[in-house]
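Single-letter residue listing:
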Amino acid sequence: MKTTIKTITEKILFELTIVVLGILLAIGINYQYQVYQQKVQASNFLSKIEYEITANLKSLERVNSAFDTNIRLSLNYISQLKSGEKFEINYSLDILAIDFGVWNYAQNREELDQLPVDLLISISESYRALEKAELNTIELTLSKIPRILANANESESDAFNEVLNELNYAKFYLDLAQIKLSKSITLIENYRPQSE
């Protein structure tokens with residue numbers, strides 16, 4: 001009888017050990033699959049973020065070029081004022097329109113924990129610089145330049161110098177955003193071969 005109880009106990013313990021090991025193995029496999037899925041999702045987010053940054057960079061380059069033109073126009077207007085020439089004021093101001101959709105959606109997702117911190121910081125900084133540039137172009141185009149030019153009758157030279165200063169100020173933020181976006185794209189491209 002003692003051998004039967006001992007045999008039954010050993011059999012139960014063996015089966016229980018097999019069941020527990022099977023459960024632990026299933027949990028381990030499930031965890032590894034979840035990590036894999038997070039890496040795949042992080043890679044998908046990164047591709048979409050790269051696309052969004054590239055589109056924003058193209059828009060930024062177009063607006064930055066327009067600001068270069070307006071700075072040259074201001075310098076030309078100041079020169080013409082000094083020589084006493086008559087001229088027509090013809091600024092071609094452009095507002096920077098950017099998209100934050102993918103980044104706003106993705107930045108608080110836990111899948112991004114799979115990406116390097118320096119990459120996420122660079123992307124975040126580029127979006128912050130882009131937002132600052134966007135706000136500057138909107139404010140300059142919609143309120144500052146029209147206000148300055150409306151008061152140009154008092155002193156045209158001072159008005160054009162003020163416009164030039166405002167354009168250079170906004171151009172600084174456009175250039176900064178362009179540098180940061182380019183850096184983010186480079187970091188994303190450098191990260192991608194390691195992850196694939």
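Above this note sits the structure.
None of the values given here were measured: they were computed from a predicted structure.

Draft legend 1. Region of the structure containing the overall build of the protein chain. If you tally the helices and strands in the protein chain, you get 4 helices and 0 strands. Its helices and strands in sequence order give the protein chain the pattern α-α-α-α, from N to C terminus. Taking 16 Å as the expected radius of gyration for a compact globule of 196 residues, we find that the protein chain reaches 30 Å, considerably beyond that expectation. Within the protein chain, buried positions represent 34% of all 196 residues. Put simply, 84% of the contacts in the protein chain that link residues at least 6 apart link residues at least 24 apart. A total of about 12,400 Å² of accessible surface is found on the protein chain, and carbon and sulfur atoms cover 56% of it. Averaged over its 19 positive side-chain charges, the protein chain has a centre that lies 8 Å from the centre of its 26 negative ones.

Draft legend 2. The arrangement of helix H3 (residues 117-150) in detail. Taking 1.5 Å per residue, 34 residues should reach 50 Å; H3 reaches 48 Å between its end C-alpha atoms and fits that length. Helix geometry: H3 is bent most strongly at Leu140, by close to 45°.

Draft legend 3. Up close: the environment of Asn70. When you line up the elements, Asn70 lands in helix H1 (residues 2-83). The exposure class of Asn70 is buried, given its relative accessible area of 0%. Separated by 46 residues in the primary sequence, Asn70 and Leu24 have C-alpha atoms spaced 67 Å apart. Excluding anything up to four places from it in sequence, Asn70 contacts Tyr91, Ser92, Leu93 and Leu167. Of note is the side chain of Asn70, whose polar atom sits 2.9 Å from the backbone oxygen of Ser92.

How each quantity is defined
Residues numbered from 1 in each chain as written. Predicted model: local features only at pLDDT ≥ 70, side-chain atom pairs only at ≥ 80, totals over all residues. Heavy atoms only, no water. Helix = DSSP H or I, 4+ residues; strand = E, 2+ residues; numbered from the N terminus. Rg over C-alpha atoms; globule rule 2.2 N^0.38 Å. Buried < 20%, exposed > 50% of the residue type's maximum accessible area, 1.4 Å probe, protein only. Contact = heavy atoms within 4.5 Å. Areas by Shrake-Rupley, 256 points an atom, 1.4 Å probe, with all protein chains shown as cover. Lys, Arg positive; Asp, Glu negative; His and termini not counted. Charge placed at Lys NZ, Arg CZ, Asp CG, Glu CD. Expected span 1.5 Å × (residues − 1). Bend = angle between axes of the 7 residues up to and from the residue. Polar contact = N/O pair within 3.5 Å; in protein donor to acceptor, adjacent residues only side chain to side chain.

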